[in-house]
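# Analysis of the macromolecular model
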Amino acid sequence: MPDPHEHAAEARRLLSSPDIERPNDRGPNGWTRRGFLQAVGMGAFSGVALGGFADVLGFEVPDAWAATPIGPSDGVLVNIVLFGGNDGLNTVVPYTNGLYYDHRGSIAIQPGAVLALDGTFGLHPNLPFLKALWDIGWVGIVHGVGYPNPDLSHFTSMATWMNGRFGGGAPTSGWAGRWLDGQSALAAEMAVATIGWSVPLHLQGVSRRGLGIPPNGDLFGAGTASYEQRMYNGMKNYSSASAGRGQWHDMYATVLKTQLNVASEVAPVFAPSPTGAEFVQKMTVAARLINANLGFRIVDLGLDSFDTHDGQPGDQADLLADLDAGLAAFYGTLDPYWRNRVTLQTMSEFGRTVYGNESQGTDHGTASVQFVIGQLVKGGHYGSAPSLALPNPWDRLPHTVDFRSVLGTTLDGWLGGGASTILNGSYENLGFFHGAPGSPAPSNALPPMVGTPSTPTEFVSMTPARLFDTRNGVGGRIGALGQEETWTFTMAGKLGIPTDAVAVAINLTGVGATQPTYVTAWPGGLARPTTSNLNLAPGVAAPNLAIVRLGAAGDVSFFNSTGTVHLLADLVGYFRDGTTMGFESLNPARILDTRNGIGGFNAKIGPEQSIDLQVAGRGGVSAGPLAVALNVTATGPTEASFLTVWPSGEARPNASSVNMAAGQTVPNMVLARVGANGRVSIFNATGATDVIVDVLGYFSGAGSGRYIALPPTRVLDTRSGLGAPLARVGQAPLEVTLLNKAGVPGGGVSAVMLNVTAVAPTADTFVTIYPGGTERPDASNLNVAAGEALPNMVPARLGPDGTVLMFNSAGTVDLIADVVGYFSD
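Residues numbered from 1 in each chain as written. Predicted model: local features only at pLDDT ≥ 70, side-chain atom pairs only at ≥ 80, totals over all residues. Heavy atoms only, no water.

## Remarks on the overall build of the chain
Along the chain, the regular secondary structure elements total 15 helices and 38 strands. Looking at the chain as a whole, 58% of its 825 residues are labelled buried. Residue pairs in contact within the chain that sit at least 24 positions apart in sequence constitute 78% of those at least 6 positions apart. Surface accessibility of the chain: about 30,000 Å² in total, with carbon and sulfur atoms responsible for 52%. (Helix = DSSP H or I, 4+ residues; strand = E, 2+ residues; numbered from the N terminus. Buried < 20%, exposed > 50% of the residue type's maximum accessible area, 1.4 Å probe, protein only. Contact = heavy atoms within 4.5 Å. Areas by Shrake-Rupley, 256 points an atom, 1.4 Å probe, with all protein chains shown as cover.)

Below, the structure written as structure tokens:
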């Protein structure tokens, strides 16, 4: 018998079989069915109709490979297995239920962090794309899913779910495999596939089984390294002449040569290769396989490591972020033709315990939630959530919906019927489909657009100039943004921003907020992300540098959460395709502090007074920079005022870089063009104030870093356990990994552009962000008073291990970080 304490990965291995090619699978030119499918999944034949494959391959695709395109009323199911036992309570959070918080303690998702669906449930904060699909009515949530007499062993429970059959007996086949058994021979050949190296039990039938499609596109013969080419050339020589060893030897040699030639010819069209995390790549491959219309009806894939016995707040948060990114990648890749033909569903072998354990985790439970997603899904709640009134920590949730009811509803409603035979019994039809596959959509709502990384760009610095001010109509709008209002402003074509600009750098300021609120800026035409650029309190003018990718129309959208607020924006530069100017990130270094004479000034800057600060040749900056990245902090102002930073030797522009009230300490990142004398000017409007400047990097013709703009994505929130333990940050530096997160690749990165927010510190403090594995510099990025929330943009230079450290000077504080882009190294 299997060990009831076996790991989830081992259970999965035991319930899968390797996808071994049969001898007769090999076809013309040395291609195999697997190799053919790999190439499709990697985008090799994007845009090629099925009948046109011969032009690319050099031979007609065998019927046994291509099967037949699916019919206009055939549905496609994408089955996503969350292996390890996903915690449903922290995925669909009962955020108004006090028992949830009583039982979960510190690992509970706090009410302010959930993405509220209604007055009872909310999604985990790392599921914003899924929330956007819910908002347009595409998501069904089935509560209390499980089965009678549940088993807490990964192996046994996985086998039960994969088998999907009422009644006893050994699980020797799976529900999707038995569905496959009932298909015609031609349709069955490529009807079911898993994105992976082995075929799990649920895809194995009595007489047939699904395909295993490796998620990479490496075809033997496509390598370009010199040692690979030598090997290929040697193999090709086998067929240069008959070896006199018989017909089969000569045939093998000829097929091998052809295989190598075809691989080398097809390799260049494997672009674009799937990018992002492993699950994102799998979901991209799944959508490409569906787009190719090769006959697939069930595409299966898995996401591992949901067995969160310890460290759940961070681990599950990362996994759900991967799930959400995968969903976004899938719908970003799927051709619109398939929207009313494709349904996605999730499954997991069990849920978790209602009570948290002593290791910041949960243990094997029973009932959980399942998602059903698609244009023809009736969005809403199904089943009933089990009661959380459990007196003992080891009590498990009773199921209210048998998982076979979910399978049966999908089999009969989406895959053509036969559920009672496949499941060996009757089931409760949950009725979560509007109609059969291909039916007219119930509404014109579309999934949110998904942004992708920009091409590498260079920065064009400018003298600051005002783009808009809603207080006086500059830019075309007079009037504050209302509550939950989204306003879109076209940037391209204004103040010298070209129509081909990729992103803009603006100093964004919120003024006159009537209630505590936040403001989000993001590319026009995309779904609003769960990020923020400004956090505002009534009566305070708060600035923040925003580097925002432009939408397809050259525009940026702004959202105000609560009350009303005026916005003003000053343009400081833009990013465009090019290689003439690059960025060099630096360890933060202080080059001005008027409190102690650093930088040559030892007194507050008075009213309407300007100083010229030497930046060239200081703090690691080269002798001839074109622009610098500075963190400018005003501290101890005697009156409400503003600072302006601009190139020395030029006329002072009508713009502001830092806005502060009397007595405040306010930092803001500034991208400043450098004057011909290697200096920048700093102006104070009223009263007197001390000024601190830390240099963070510089732009020059010799710089190597190019900026790649990304859709804003949250990567750290200590309030919910995203990207770090669910705990406030004290004086121990918090290590944050940024590689392979939110579109940042796993290498070739010098710095990541972050919008960092400090929330509700218990004491006046400052926060310093610096490369992992290095000494903390005498510099700061945020200066925040007790109880406040303050954001600032940071070009966070990465340490050798790809991490940054965040140091909090006093008390405790929650930290949030949103990625908006990165610089190559």
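Right, picking up where we left off after that structure.
## A few points about the sheet that holds strand β4 (residues 115-116)
Spatially, three strands are ordered β3-β5-β4 in an open sheet, and the strand pairing comes out antiparallel. One side of each edge strand has no neighbouring strand; the edge strands of this open sheet are β3 (92-93) and β4. Of the strand pairs in this sheet, β4 and strand β5 (residues 122-123) are connected by two bridges, and their pairing is antiparallel. Bridge pairing in β5 links Leu115 to Leu123. (Pairing = 2+ DSSP bridges.)

## Some words on the packing of helix α6 (residues 128-135) against helix α13 (residues 312-333)
Two numbers describe how α6 lies on α13: the axes approach to 7 Å, and their chain directions differ by 55°. Here α13 runs oblique to α6, going by the angle between their axes. Together, Pro128, Phe129, Leu130 and Leu133 of α6 and Asp324, Leu327, Ala328 and Tyr331 of α13 make up the contact between the two elements. Taken together, the residues that form the contact of α6 with α13 break down as seven nonpolar, no polar and one charged. (Axes fitted to C-alpha atoms, helices over the stretch in contact; angles between N-to-C directions. Parallel < 35°, antiparallel > 145°, perpendicular 65-115°, else oblique. Nonpolar A, V, L, I, M, F, W, Y, C, P; charged D, E, K, R; others polar.)

## Let's talk about the environment of Trp179
Mapped onto the secondary structure, Trp179 falls in helix α8 (residues 175-181). Sequence spacing of Trp179 and Gly417 is 238 residues, and the spatial spacing of their C-alpha atoms is 9.0 Å. Here Trp179 is in contact with Ala191, Val192, Arg297, Ile298, Leu411, Leu415, Gly417 and Ile422, once residues within four sequence places are set aside. For Trp179, the side chain forms a polar contact with the main-chain oxygen of Leu415, separated by 3.0 Å. (Polar contact = N/O pair within 3.5 Å; in protein donor to acceptor, adjacent residues only side chain to side chain.)

## Considering the nonpolar core
Of all hydrophobic cores here, the largest spans 51 residues; its most connected members are Ile80, Phe330 and Leu344. Counting residues in hydrophobic clusters, the runner-up holds 44 residues, among them Val81, Phe83, Leu180 and Ala191. (Core = buried A, V, L, I, M, F, W, Y, C linked by side-chain atoms within 4.5 Å.)

## Some thoughts on the pattern of salt bridges
Taken as a whole, this structure holds 18 salt bridges when the rule is applied. Across the salt bridge formed by Lys131 and Asp135, the nearest N and O atoms sit 3.0 Å from each other. One end of the pair, Lys131, and the other, Asp135, are both in helix α6, four residues apart, so they sit about a helical turn from each other. By sharing partners, the salt bridges in this structure join Arg466, Asp469, Arg471 and Asp570 into a single network. (Salt bridge = Lys/Arg side-chain N within 4 Å of Asp/Glu carboxyl O.)

## Side note on the sheet that holds strand β16 (residues 485-490)
Backbone-to-backbone hydrogen bonds join strands into a sheet, with any given pair of strands oriented parallel or antiparallel. Within the open sheet, the four strands sit side by side as β16-β21-β18-β19. Their pairing is antiparallel. The two strands at the open ends of the sheet, each matched to only one other strand, are β16 and β19 (534-536). Neighbour-to-neighbour, the strand axes of the sheet open up by a mean angle of 20°, direction not taken into account.

## Concerning α6
In terms of burial, α6 is a largely internal element, six of the eight residues being buried. Within α6, burial applies to Phe129, Leu130, Lys131, Ala132, Leu133 and Trp134. Trailing α6 by a residue or two, Gly137 shows a phi angle of about 85°, which is positive.

## Considerations on the confidence of the model for the chain
Do not read the predicted coordinates in detail wherever pLDDT is low. In this model, the chain carries a mean pLDDT of 85, and residues with pLDDT of at least 70 account for 85%. Between residues 21-31, whose pLDDT stays under 50, and residues either more than four places distant or in other chains, the model counts 33 contacts. Confidence drops under a pLDDT of 50 for residues 36-67, and excluding neighbours within four residues, the segment shows 86 contacts in the predicted structure. (pLDDT = per-residue confidence, 0-100.)

## Here's the deal with unusual backbone geometry
Here the phi dihedral of Asn149 falls at roughly 50°; this positive angle occurs in a residue that is not glycine. Mapping Asn149 onto the fold places it in the loop between β6 (139-146) and α7 (154-163). On the accessibility criterion, Asn149 (74% relative accessible area) is exposed.

## Section: the pairing of strand β26 (residues 641-647)
Most of β26 is tucked away, with six of its seven residues classed as buried. Where β26 meets strand β27 (residues 658-660), three bridges bridge the pair, whose relative direction is antiparallel. Among the inter-strand pairings, Ser641 is bridged to a residue of β27, identified as Met660. The pairing of β26 with strand β29 (residues 679-684) spans five bridges and is antiparallel. Opposite Trp646, over in β29, you have Ser681 as the bridge partner.

## Here's the deal with the packing of helix α12 (residues 278-291) against α13
One can describe the packing of α12 onto α13 by two numbers: an axis separation of 8 Å at closest approach and a directional angle of 25°. With respect to their mutual orientation, α12 and α13 come out roughly parallel. With respect to the hand of their crossing, α12 and α13 are arranged in right-handed fashion. Here Phe279, Val280, Met283, Thr284, Ala286, Ala287, Arg288, Ile290 and Asn291 of α12 lie close against α13, whose contacting residues are Asp322, Leu323, Ala325, Gly326, Leu327, Ala329, Phe330 and Thr333. Grouping the amino acids of the contact of α12 with α13 by side-chain chemistry returns eleven nonpolar, four polar and two charged. (Left-handed = near helix turned anticlockwise from the far one by under 90°.)

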